Amino acid sequence: MDLKEELQHVGGFVNLELLAKQVVEGFIAGMHKSPFHGFSAEFAEHKIYNQGESTKHIDWKLYAKTDKLYTKCYDEETNLRCHLILDNSSSMHYPEYKNFNLNQLNKSAFSALASASIMHILKKQRDAVGLSVYSNTYDYYAPEKGSDRHHHMLLNELEYMVKSLPKAKTTDTYTYLHHIAEKLHKRSLIVLFTDMFQESAKDDQLFEALRHLKYNKHDVILFHVFDGDKEKHFNFDNTPKRFVDVETGAYINVYADNIKANYEQQIADYFEALKLKCAQYKIKYVEADINKNFDNILTTFMLERSGFM
């Protein structure tokens, strides 16, 4: 049975856990030159050897293959706390699909599957994971835990989020990132999935909220989720169209070609400003195009996770 082919015939995300497992195992199988290549159940992961550390746990076999020094980090050393934050506003459910598979994901489904894949890695490493979901309300919160029951509860919430299809639900990233930051007292790796669309707050306010997440020595990864074909490059045919803001209902009637060049320039400037601000606040910024695969997501997470320890 071709698991990928079978999953594509299943409506919604009934098999989100299996699909996440498939994504992760496919990713690990392709890491031929990764420092994580060859890790097994004997230890949690490899991390780069830093001068002055004990040489007791250096993996000499991996050194022979890569000519680089890595140490083995065992299960008892792995006490990572990770908190996943997902934007569930109406704009995150673009484009609208009735069914989802690896080749057909909107921003919400992409974020949910990426989160489930990260959760699968955390579960294998016996790390604790928590989840927050927000829109114009604080939709869901679960603290960091590592039990199987907790893991399945979070998966159920991700599935519900994808299927919810909220109508005219705006984004209040500024408010709820502050709320979440107040709840996270122990040092954690924070992973945020959002399209960074919010009309009611200025960019400076959004970054003030992101900077709040850096308190208590948290590490923060911002996965900026977008549809590269439509939202970045504005690839629409040049017929008269009504573009509607799914969060506010505001609309504009326009020919795509008339505004394409100006739109692309403004979006490029906005993306560059996001990158610069993230660099300023030492937040890891990653472009997460829903039309591409998950390798960039999982590679970034694995590297940040290694550096967190």
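In the block above lies the structure referred to throughout.
Residues numbered from 1 in each chain as written. Predicted model: local features only at pLDDT ≥ 70, side-chain atom pairs only at ≥ 80, totals over all residues. Heavy atoms only, no water.

Asks: Report on the sheet that holds strand β6 (residues 189-194), specifying residues and quantitative values.
Replies: Strand order in the open sheet formed by 6 strands is β5-β4-β3-β6-β7-β10, with mixed pairing between adjacent strands. In the strand order of this sheet, the two ends are held by β5 (138-145) and β10 (284-289), each with one partner. Strand-to-strand twist of the sheet, defined as the mean angle between neighbouring strand axes without regard to direction, takes the value 15 degrees. Across the sheet, helix α6 (residues 173-183) touches β3 (81-87), β4 (128-134), β5 and β6, and the angle it forms with β5 is around 25 degrees. (Pairing = 2+ DSSP bridges. Helix = DSSP H or I, 4+ residues; strand = E, 2+ residues; numbered from the N terminus. Axes fitted to C-alpha atoms, helices over the stretch in contact; angles between N-to-C directions. Contact = heavy atoms within 4.5 Å.)

Asks: Kindly report on the pattern of salt bridges, identifying the contributing residues and their values.
Replies: Considering all chains together, one arrives at 10 salt bridges under this definition. Taking the shortest distance from any N to any O, the salt bridge between Glu144 and Arg81 comes out at 2.9 Å. Of the two residues, Glu144 is situated in strand β5 and Arg81 in strand β3; the sequence distance between them amounts to 63 residues. With a relative accessible area of 11%, Glu144 lands in the buried category. Between Glu287 and Lys275 there is a salt bridge whose closest N-O contact spans 3.1 Å. Placement of Glu287 in strand β10 and of Lys275 in helix α9 (residues 256-280) is noted, with a sequence separation of 12 residues between them. Look at Lys275 and you get partly exposed, because its relative accessible area is 32%. One continuous salt-bridge network, built from bridges that share partners, spans Lys107, Asp195 and Glu231. (Salt bridge = Lys/Arg side-chain N within 4 Å of Asp/Glu carboxyl O. Buried < 20%, exposed > 50% of the residue type's maximum accessible area, 1.4 Å probe, protein only.)

Asks: So, unusual backbone geometry: which residues are in play, and what are the values?
Replies: Here Tyr94 and Pro95 are connected by a cis peptide whose omega angle stands at -10 degrees. In this fold, Pro95 is placed in the loop between β3 and α4 (107-124). Phi at Arg126 is positive, roughly 60 degrees, even though this residue is not glycine. Checked against the element boundaries, Arg126 lands in the loop between α4 and β4.

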